[in-house]
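Observations on the three-dimensional arrangement
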Amino acid sequence: MALEANNLSGKQKRRERNKSVREIGKHNKLDNKLANDIPKVSGPIEANRYALARIMEINDMQHAIKKASYALNELAFQSLPRGLRRRAASHNINRLPARLRAKAAKEAYSSAPNAKLIRKKVKKIKTPRNTVQEFLRRQKSKKWLETHMWHAKRMKMKDIWGYRIASRPNTKSVRITYRSFTRLSVAHDASYMACIELKGEQSDIVAALDTLTDKGAPSVGSQRFIKGNRLGTTNLYEHKGYPTKLICPISFLWKPKTNDTIWLWIHPSAINEALTFIRLAIKETRIELNDLRNEILKFELTGPRSTALLQAILDPVPDTTLQGNAVWKDLSQLRSSCSLSPGSVLGLLVQDPRLKFPQKVPPRTNDIAPQEQRKMQDILTHWPADAAETTIWDKDVRASLFDKRISEYGLNLRREQNMVPGTKLEPTAEDSQIPLLLIQRGGPCFNTSDIAQKPLSSHELIEGWTVVIPRGFGLAFWKSLTFAGGRVAGYDDVRAMHFESGVPCFPHDYPGTRAFEVQRELTKKAAEQVWSKRPPGKRVNFSKRGIAHPFEAAFETLSTVEHMQVEPEHNLAVRPHYSLICGQRLVSSFLASDVCLAALGMDVHHLSLDEMLVKIRLKYVDRGKPAAHAMIYAMPHEQDYDKCTLHIRHQSPVVKSKRKLKELVEVNANAVQQITCDTLQHIGYITNGDFSLTLGFGFGIGACTVAGLKKLKDIDEAQKRSIKLLVLVRNPTSLEVRPAQLEVLC
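No experiment lies behind these values; they were computed from the predicted model shown.

**Some words on the overall build of the protein chain**
The helix and strand inventory of the protein chain stands at 26 helices and 21 strands. Of all 746 residues assigned to the protein chain, the portion counted as buried reaches 44%. Taking the contacts inside the protein chain whose residues are at least 6 apart along the sequence as the reference set, 75% of them involve residues at least 24 apart. Accessible surface, the protein chain as shown: approximately 41,400 Å² in total, 52% of it carbon and sulfur.

**A word on the environment of W161**
When you line up the elements, W161 lands in the loop between strand 2 (155-160) and strand 3 (163-169). Residues W161 and S269, 108 residues apart in the sequence, show an inter-C-alpha distance of 5.2 Å. Apart from residues no more than four positions distant in its own chain, W161 is found in contact with Y192, H267, P268, S269, Y491, P507, H508 and Q519.

**Side note on the pattern of salt bridges**
One pass over the full model with this rule turns up 27 salt bridges. With a shortest N-O distance of 3.2 Å, R575 and E273 are connected by a salt bridge. Placement of the pair is R575 in the loop between helix 20 (514-533) and strand 15 (579-580) and E273 in helix 11 (residues 271-281), with a sequence separation of 302 residues. With relative accessibility at 13%, the residue R575 sits in the buried group. Among the residues examined, E273 registers a relative accessible area of 5% and is labelled buried. Across the salt bridge formed by E552 and R520, the nearest N and O atoms sit 2.8 Å from each other. Taken together, the residues E552 in the loop between helix 20 and strand 15 and R520 in helix 20 connect sequence positions 32 residues apart. The pair E552 / R520 is uniform in exposure class, with both members buried. Beyond isolated ion pairs, a larger network of salt bridges with shared partners links E517, R520, K524, E552 and E556.

**Concerning the side chain of H151**
Position of H151 among the secondary structure elements: in helix 7 (residues 148-152). Of note is the side chain of H151, whose polar atom sits 2.9 Å from the backbone oxygen of T147. Those residues in contact with H151 that sit more than four places away from it in its chain are M157, A166, D189, W478 and V488.

**Considerations on the packing of helix 8 (residues 174-183) against helix 19 (residues 491-501)**
Running from N to C, helix 8 and helix 19 point in directions that differ by 60 degrees, and their axes come no closer than 11 Å. With respect to helix 19, the element helix 8 is oriented oblique. In this structure, helix 8 meets helix 19 at a crossing whose hand is right-handed. For the pair helix 8 and helix 19, the contacting residues are T177, Y178 and F181 in the first and D493, M497, E500 and S501 in the second. A per-class count over the contact of helix 8 with helix 19 returns 3 nonpolar, 2 polar and 2 charged.

**Topic: the packing of aromatic side chains**
The tally for this structure, following the rule as stated, stands at 19 aromatic pairs. When the centroid spacing of 5.4 Å and the interplanar angle of 80 degrees are considered together, the rings of F542 and F551 count as edge-to-face. Each member of the pair, F542 as well as F551, is classed as buried. Feature note: the residues F516, F555, Y578 and Y685 constitute an aromatic cluster, connected by ring pairs. Geometry around F402 places R471 over its ring, the cationic atom sitting 3.8 Å from the centre.

**Some thoughts on a positive patch on the surface**
A grouping of R86, R95, K153, R154 and K479 is seen on the molecular surface, where their side chains present a positively charged patch. In this structure, R86 sits in the loop between helix 4 (55-71) and helix 5 (98-111). Residue classification places R86 among the partly exposed positions, given a relative accessible area of 30%.

**Topic: the sheet that holds strand 9 (residues 288-291)**
The pairing of strands in a sheet happens through backbone hydrogen bonds and is either parallel or antiparallel. The 5 strands lie next to each other as 6-7-8-5-9, forming an open sheet whose pairing is antiparallel. Looking at strand neighbours, the two that pair on one side only are strand 6 (232-237) and strand 9, the edges of this open sheet. Each strand axis lies, on average, 30 degrees off the axis of its neighbour in the sheet, ignoring direction. Summarising the sheet, strand 6 and strand 7 (residues 246-254) pair through 6 bridges and their orientation is antiparallel. Directly across from Y237, in strand 7, lies its bridge partner L246.

**Observations concerning the nonpolar core**
Judged by nonpolar contacts, the single largest core of 87 residues is most densely connected at L264, I266, F555, L618, L709 and L742. Each of domain 2 (201-286) and domain 3 (532-744) accounts for three or more of the residues forming this core. Discounting chain neighbours no more than four positions away, the residues touching I266 are M193, A194, I196, C248, I250, I271, A274 and I278. If you look at the next biggest cluster of nonpolar residues, it comprises 38 residues, including A166, L309, L310 and W478.

**A look at the sheet that holds strand 11 (residues 345-351)**
Ordered in space as 11-12-13-10-4-14, the 6 strands form an open sheet in which the pairing is mixed. The outermost strands of the open sheet, each flanked by one partner alone, are strand 11 and strand 14 (487-488). Packed onto the sheet, helix 8 meets strand 4 (186-189), strand 10 (296-302) and strand 14 and runs at close to 105 degrees relative to strand 4. Each of strand 4, strand 10, strand 11, strand 12 (433-441), strand 13 (464-470) and strand 14 is contacted by helix 18 (residues 474-483), which is oriented at about 10 degrees to strand 10, the strand it contacts most.

**Brief notes about unusual backbone geometry**
For the bond running from Y242 to P243, omega is 10 degrees, close enough to zero to count as cis. The residue P243 is located in the loop between strand 6 and strand 7 in this model. With an omega of -5 degrees, the peptide bond between F357 and P358 qualifies as cis. Assignment of secondary structure puts P358 in the loop between strand 11 and helix 14 (370-381). Positive phi values are uncommon outside glycine, yet N259 reaches one of about 55 degrees. Inspection of the secondary structure puts N259 in the loop between strand 7 and strand 8 (261-266).

Parameters at a glance
- Residues numbered from 1 in each chain as written.
- Predicted model: local features only at pLDDT ≥ 70, side-chain atom pairs only at ≥ 80, totals over all residues.
- Heavy atoms only, no water.
- Helix = DSSP H or I, 4+ residues; strand = E, 2+ residues; numbered from the N terminus.
- Buried < 20%, exposed > 50% of the residue type's maximum accessible area, 1.4 Å probe, protein only.
- Contact = heavy atoms within 4.5 Å.
- Areas by Shrake-Rupley, 256 points an atom, 1.4 Å probe, with all protein chains shown as cover.
- Salt bridge = Lys/Arg side-chain N within 4 Å of Asp/Glu carboxyl O.
- Polar contact = N/O pair within 3.5 Å; in protein donor to acceptor, adjacent residues only side chain to side chain.
- Axes fitted to C-alpha atoms, helices over the stretch in contact; angles between N-to-C directions.
- Parallel < 35°, antiparallel > 145°, perpendicular 65-115°, else oblique.
- Left-handed = near helix turned anticlockwise from the far one by under 90°.
- Nonpolar A, V, L, I, M, F, W, Y, C, P; charged D, E, K, R; others polar.
- Phe/Tyr/Trp six-rings, centres within 6.5 Å; stacked < 30°, edge-to-face > 60°.
- Lys NZ or Arg CZ within 6 Å of the ring centre and 35° of its normal.
- Patch = residues over 30% accessible without salt bridge, like charges linked within 9 Å, V, L, I, M, F, W, Y side chains within 5 Å.
- Lys, Arg positive; Asp, Glu negative; His and termini not counted.
- Charge placed at Lys NZ, Arg CZ, Asp CG, Glu CD.
- Pairing = 2+ DSSP bridges.
- Core = buried A, V, L, I, M, F, W, Y, C linked by side-chain atoms within 4.5 Å.
- Domains from an automatic or database assignment.

So, in structure tokens, the structure goes:
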């Protein structure tokens, strides 16, 4: 036998080694009942019935051909998708799926036949008697989302904001996520966003919320929102605390027709503070407050293919009385949600997505029939008034759906009755019909002379859909979204998407709020621990470099005003002395003059402009990239301005050579290195900064004082600068400064 083995060629040896893989499985005659109907010797043959009778053998043959072709060229570990690969599988075959362990064992033996088998002693984990009670015990200090088990197997989980939330995937995902939200679709489970219901008289609700919301933005009682067919956004403040005592940005939606109920979505980092002042505002009214955090789920989809993804998953119930279902069917050829009005709402009644699982998104096509185009144009022009009506607002309907939902085991029993494996299940009277809300997420973004609101990239890349569903069906919809091609994102990925779009993310980019202070302390503590673990000779000596706050954005240092110690109120943490002002009209008025503020009916004599912050974003005009907690300095000297803008002001159509342009940039960089910054010109901090994949150069988001921005405008007017709002940025770990251009956000 040894001689015969030596005489075999390499190809024959590989065939012998993979002989087991090339075998086609055998079936019993009783496996397929349709096989009994086929004539044994003679008689007519119908192609459809004959194919159904031999469907199992055909599937096995196709599977064997595919498996055999891959077996010659890849290992068992390589046959898994990247998302299912485990690093420990290279030395522990039990980390592989059971169907691949035998093949992996043969491969391990062939690579090292004389290697000793080392068995690790693994301490067995005791299986709890009651799994449900064990899971509830683990949620005493933090809550789990419905999709927790799915995320825990695939993503890094962190305890934050009172929840156990996925932060990012286990695999490298920065550029993959960027490509997904710019070309495909990204799904994020935002069910941690708290949903608060206010129920009562419409006039009482509007009056109470007007004491808490932004007076420069449209009121919650505006006609554009009161009908319930459009989602609204505003900023929430303390009771009669506008414009300085900001809590957080919120979104809201009225119940259609009755207009006696409103839902508020509030970030979990600010929910306790928000509930405190909402209860204070409705204290002397008949408004009923209900906490729906355990009743309503929320999924966010972002990217150009989000609409096609939802069209493939959502199966509306064929009912002519439901206006939302009819509109959704007529929008089947809609390419992007950007075509709809900002915040448009659709109320749908759909079948259980598990019946058609797994769904598949059809390829994108640009060929749309003229009739379909006219139909969509009519809908977009004349949006139906009752398109947002749905029964998800009814508490009893939500409870009934949760109690009567069919288990996965029951659906599997029905799948076993299908003659052809893989056939989709047909809806029955026992199946759940799920009401949901489909909300277009986005808003009108435009730039004015002094304030930037437009995103860095196309609107199609940052806008998308928000799906609001009742509890109990989160995992069903989530699996359908992921199997259909949606890329899953954690909250770190969501912040990265905000950064690439040039939009601030709460609470990280909202200084002046209590939620920012809590997040700031967490970030500071984590960064200090990483820094202190390094030996003194291998870590940056910040004290020698004159950096007093290297691990945080210390906005309180921008003001020279001393404040007395303030006692905490309403059992909340002490609010920071500096404040963030939001809203286009308010920011423009602060940057203009006190006369404009007086026109708005505001007395600002008691406010210090050094303690009033405005959100900004900046773009590097040279090489380098900003880092978090970088310091922003004004550039008062004209010679520094000339050095920093040399390569910009001398650009001409004649200089087309890359070599000449590179030489010009290098000369400019050497000149910039000689510039120093003065601590008296310190006007702000960067809260998030890095290299932008969208822009292709350094980019940052942060905040500056109103006094600092006014100083920049005065310098630009005095020196008649062509490039406005030019500043210097210094990273905490660097001795150099880099020039950047500011844009004011509202």
